[in-house]
Amino acid sequence: MSKPAPIYKPGPISAKPLSGLLGATLNEAFAKQGFAARELVTRWPEIAGAQIAAHCEPLKMQWPRPVEGQKQEPATLVLRVEGPMALEIQHSSDQILQRVNRFFGWAAVGKLALRQAPLTRKIRKPLPKPPDDAAVAQVAAGLDAVEDDALRIALARLGATIKRN
């Protein structure tokens, strides 16, 4: 008598976030540019502030060679800056250094170096215009069953936007 073939039961599906899978690879790529943490690049607008981040972005960190028996010297943060704003960023260098070092929690960066070049900007879609009042009123007329005024208006705006698209 032969044994019946075993029934295959798959284990639980464990989906992993892409950031977890690529984390080591990204850390290695950022480390080649001298960044101790990739968050300096990914969270630049939060660290530098929206006004400054709109006109510059971090390229790399240059660490001086360590000298045996001496304290490690701070790095130089190289920023890509839009041409016309280079002078303004240079005047804001003390503020930028303070914010970056506050982010790291120690005096990691001692000076800035600026490279004038176009920034790599993400293309943002323009925000759609709100629906006109007549369309909202027309949709709101059919929502008599909704008692809450704020909810009725919100639903009417949503309906008018959906109808428009």
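Below, the structure is looked at part by part. None of these values were measured; they are calculated from a predicted model.

Definitions and limits used
- Residues numbered from 1 in each chain as written.
- Predicted model: local features only at pLDDT ≥ 70, side-chain atom pairs only at ≥ 80, totals over all residues.
- Heavy atoms only, no water.
- Core = buried A, V, L, I, M, F, W, Y, C linked by side-chain atoms within 4.5 Å.
- Buried < 20%, exposed > 50% of the residue type's maximum accessible area, 1.4 Å probe, protein only.
- Helix = DSSP H or I, 4+ residues; strand = E, 2+ residues; numbered from the N terminus.
- Contact = heavy atoms within 4.5 Å.
- Axes fitted to C-alpha atoms, helices over the stretch in contact; angles between N-to-C directions.
- Left-handed = near helix turned anticlockwise from the far one by under 90°.
- Nonpolar A, V, L, I, M, F, W, Y, C, P; charged D, E, K, R; others polar.
- Expected span 1.5 Å × (residues − 1).
- Arc of directions from axis to C-beta.

1. Structural notes on the nonpolar core
The nonpolar side chains of a soluble globular protein tend to be buried with one another.
Right, on to step 1. Formed by 21 residues in total, the largest nonpolar core has its most connected members in L40, W44, L77, L79, I96, V100 and V109.
Right, on to step 2. Those elements that provide at least two residues to this core are α3 (44-48), α4 (50-53), β1 (56-62), β2 (75-81), α5 (86-91), α6 (93-104) and β3 (109-116).
Right, on to step 3. Those residues in contact with V109, other than ones at most four positions away along the chain, are M61, P74, A75, L77, L97, V100, N101 and F104.

2. Regarding the packing of helix α7 (residues 133-141) against helix α8 (residues 149-164)
In helix packing, the relevant descriptors are the interaxial angle and the interaxial distance, both defined with respect to the helix axes.
Right, on to step 1. Put simply, α7 and α8 touch, their axes get as near as 8 Å, and they point 115 degrees apart. The two elements α7 and α8 cross, and the hand of that crossing is right-handed. Taken together, the residues of α8 that come into contact with α7 (itself represented by A135, V136, V139 and A140) are R152, L155, A156, R157, G159, A160 and K163.
Right, on to step 2. When grouped by side-chain class, the residues that make up the contact of α7 with α8 number seven nonpolar, one polar and three charged.

3. Some remarks on α8
Right, on to step 1. For α8, spanning 16 residues, the distance from its first C-alpha to its last is 22 Å, which sits close to the expected 22 Å at 1.5 Å a residue.
Right, on to step 2. Of the positions making up α8, those classed as buried are A156, G159 and A160. The buried side chains of α8 occupy one side of the element, clustering within an arc of 100 degrees when seen end-on. Exposed side of α8, more than 90 degrees from the buried face: A150 and I162 are the residues found there.
Right, on to step 3. Of the surrounding elements, those touching the buried residues of α8 are α7.

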